[in-house]
Amino acid sequence: MDDMDGSSEGDEYFQEIARGAEESLIPLKEDLAEWLTRVLGEKITTTGFMDSIANGVLLCKLAQLIQDKAVECQRAGKAIGKMPSKKLKYRQNAVAESFFARDNVATFLAWCRGIGLEDTCLFETEGLVLQKTPQNVLVCLYELARLAGRYGIDPPGLVKLEKEIEKEEQNPRPASAVTKKKATSLLDTEVMNVAKQCDFGLDIRRVSEGRYNIGGKMVFIRMLRGRHVMVRVGGGWDTLEHFLKRHEASKITRVSRGSITTEAGEAVPDDFFLVQAKYKKDGRS
């Protein structure tokens, strides 16, 4: 019975991690939906974000816009680089999950490769058409947004925050400004609220405004649109809540008890996961 209970708790834990990963994409979708609405003049919502771009039409329009702006800049001597000049051909009335939707997305991906985007920044056609890998799609769009910024296209909020962090890294604040005690900011308050809600016992310390040490790791944290607490991770972003949960998930240990034999005579591993989680008291013995 104990093993069964442990398995159930483990399943719930991993389901919670999966839900957290999905929820962590919401701020990114919101940011990109606002950006595409602004630059393309098409109304795109956060909840319908993937549906809006799944047939590849808006992505091809975005590619054409970036290409046109790039060519303008190059002709004016304001930019150099690899950029095709041939007009993109795509089906504007492509139905979701249809052959034409796949063809539109394939056209977009071919264009991305043509301008030099690395495969690590791209996604598979089915990943968008069938919405199997939304995170990969978002990574690609952010990479395009960074590129678009070089040609005068105003970037989404997170890319603007990246530029802010880059400037801070190039011109770090003097020690006196870092160590000087300041009044608690909105960001500090929100960071501590998220940490309290997660209650993982991780040591979180403010180093300077927007810069924190979490469990011995130095990270940059920013507020997106005044309501999302975002952590700069590698070449992208994560919500603080999901970032803390992933740290907690790293405490999972796989324990092997050999193997057991099924009714069909097949030997399968008899393993379980030991989760070093911090549980709140609920009054039960």
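Residues numbered from 1 in each chain as written. Predicted model: local features only at pLDDT ≥ 70, side-chain atom pairs only at ≥ 80, totals over all residues. Heavy atoms only, no water.

Considering the side chain of Asn 104
And step 1. Relative to the helices and strands, Asn 104 resides in helix α5 (residues 99-114).
And step 2. In this structure, Asn 104 is in contact with Asn 55, Gly 56, Val 57, Cys 60, Tyr 90, Arg 91 and Ala 94, ignoring residues within four places of it in sequence. (Helix = DSSP H or I, 4+ residues; strand = E, 2+ residues; numbered from the N terminus. Contact = heavy atoms within 4.5 Å.)

Examining the side chain of His 228
And step 1. Residue placement: His 228 occurs in strand β4 (residues 228-233).
And step 2. A distance of 3.2 Å separates the side chain of His 228 from the side chain of Glu 30, its partner in a polar contact.
And step 3. Non-local contacts of His 228, meaning those with residues more than four positions away in its chain, are made with Pro 27, Glu 30, Arg 222 and Met 223. (Polar contact = N/O pair within 3.5 Å; in protein donor to acceptor, adjacent residues only side chain to side chain.)

Some words on unusual backbone geometry
And step 1. Residue Glu 97 is not a glycine yet carries a positive backbone phi of 70 degrees.
And step 2. The topology assignment puts Glu 97 in the loop between α4 (57-75) and α5.

Description of the nonpolar core
Looking at soluble globular proteins, one finds that nonpolar side chains tend to be buried together.
And step 1. Residues Phe 49, Ile 53, Ile 66, Phe 108, Trp 111, Phe 123 and Leu 144 are the most contacted members of the largest nonpolar core, which totals 52 residues.
And step 2. Elements supplying a minimum of two residues to this core: α2 (26-40), α3 (49-53), α4, α5, α6 (125-129), α7 (134-149), α8 (157-170) and β3 (217-224).
And step 3. Among the elements that take part in this core, α7 stands out by supplying nine residues, more than any other.
And step 4. Leave out the neighbours within four places in its chain, and Phe 49 touches Lys 29, Leu 32, Ala 33, Leu 36, Ile 44, Leu 138 and Leu 141. (Core = buried A, V, L, I, M, F, W, Y, C linked by side-chain atoms within 4.5 Å. Buried < 20%, exposed > 50% of the residue type's maximum accessible area, 1.4 Å probe, protein only.)

Re the packing of aromatic side chains
And step 1. Throughout the structure, instances matching the rule amount to two aromatic pairs.
And step 2. Between Phe 99 and Phe 100, the aromatic rings sit 5.6 Å apart at their centres with planes inclined by 70 degrees, giving edge-to-face as the arrangement.
And step 3. Classification of Phe 99 by relative accessible area gives exposed; the value is 61%.
And step 4. On the basis of relative accessibility, which here comes to 34%, the residue Phe 100 falls in the partly exposed class.
And step 5. Relative to Phe 123, the ring of Phe 108 lies with its centre 6.4 Å away and its plane at 25 degrees, an arrangement referred to as stacked. One end of the pair, Phe 108, is in helix α5; the other, Phe 123, is in the loop between α5 and α6, and 15 residues separate them in sequence.
And step 6. Classification of Phe 123 by relative accessible area gives buried; the value is 4%. (Phe/Tyr/Trp six-rings, centres within 6.5 Å; stacked < 30°, edge-to-face > 60°.)

As for the pairing of strand β1 (residues 204-208)
And step 1. Strand direction decides the pairing type here: β1 and strand β2 (residues 211-214), joined by four bridges, are antiparallel. Bridge pairing in β2 links Ser 208 to Arg 211.
And step 2. As consecutive antiparallel partners, β1 and β2 are separated by two residues, and within that stretch Gly 210 has a phi angle of approximately 85 degrees, a positive value. (Pairing = 2+ DSSP bridges.)

A few points about the packing of α2 against α4
And step 1. In the contact formed by α2 and α4, the axes pass within 11 Å of each other and the chain directions differ by 60 degrees. As summarised for this structure, α2 and α4 are arranged oblique, according to the angle between their axes. Taken as a pair, α2 and α4 cross one another with a handedness that is left-handed. Residues Trp 35, Leu 36, Val 39 and Leu 40 of α2 lie in contact with α4, whose contacting residues are Leu 58, Lys 61, Leu 62 and Leu 65. (Axes fitted to C-alpha atoms, helices over the stretch in contact; angles between N-to-C directions. Parallel < 35°, antiparallel > 145°, perpendicular 65-115°, else oblique. Left-handed = near helix turned anticlockwise from the far one by under 90°.)

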